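# Topology and contacts: notes
One-letter residues, chain by chain:
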Amino acid sequence: MSDTQTDLAALEATRHRIREEHLRPPGQRPESTARGLHHTALISSDVERTVLFYQGLLGFPLTELIENRDYPGSSHFFFDIGNGNLLAFFDLPGLDLGPYAEVLGGLHHLAISVEPSRWAEIVQRLTDASVEHAVHSDVSVYFQDPDGARIELIADPLGEMYGTKVL
């Protein structure tokens, strides 16, 4: 096997071992120490463009726009993504940050649950706005925001993924 090939059987064996050692049935899991996701913070290169995309196109209301306490002159702004959860952004004027990149420890994608009755409407809005996107399993749509972050909108209920309970 060359260095560029992956041993899929070995990877599955590792997943199996980890599941056996660490995954507990719902009634045997300890209670989480967390209350929920307060916010996830991404980087924005243009505050208004980000507002137009997330509020105007996706329908996530802007809830606040304040100065970032950690970086004078920078904005910290928030969108309501339901159930008391927020999607936040920073702009970092003056820093040359380069384009979005998938790196270890970085964001692969952010999956946001939407009502099934709204999902098709949002997919149509993406189409109408010429935002490149891909639909999978008739419940997920993947696309990139204006700065390249990958977003998934999924019509499955919270705690489920493609019919499988994950919570």
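For the structure itself, look to the data block above.
Sequence positions are assigned chain by chain, starting from 1 and proceeding in written order. Per-residue local features are limited, in this predicted model, to residues with pLDDT of at least 70; the limit for side-chain atom pairs, both in listing and counting, is 80 or more; totals at the level of whole chains, interfaces and linings are taken over all residues. Where side-chain values are given, they derive from all heavy atoms of the structure, hydrogens and water being excluded.

In this section: the pairing of strand β1 (residues 39–44). Burial classes: relative accessible area under 20% of the type maximum marks a residue as buried, over 50% as exposed, and values in between as partly exposed (1.4 Å probe, protein chains only). We count a stretch as a helix when DSSP gives it H or I for four or more residues in a row; a strand needs E for two or more, and each element gets its number in order from the N terminus. Alternating positions in β1 separate cleanly, T40, L42 and S44 being buried on one face and H39, A41 and I43 remaining unburied on the opposite face. Two strands pair if DSSP finds at least two bridges between them. As paired elements, β1 and strand β4 (residues 86–91) share six bridges and run parallel to each other. The residue of β4 that forms the bridge with T40 is L87.

Let's shift gears to the environment of L37. Within the secondary structure, L37 sits in the loop between α1 (8–22) and β1. Should any heavy atoms of two residues lie within 4.5 Å, those residues are counted as being in contact. With residues up to four places along the chain from it excluded, the contact list for L37 reads G84 and N85.

Excluding glycine, most residues fall at negative phi; most peptide bonds, likewise, are trans. Here S137, not a glycine, exhibits a phi torsion of approximately 55 degrees, which is positive. Secondary-structure assignment places S137 in the loop between β6 (133–136) and β7 (140–144). The phi dihedral of D138 falls on the positive side, at around 60 degrees, and the residue is not glycine. Among the structural elements, D138 can be located in the loop between β6 and β7.

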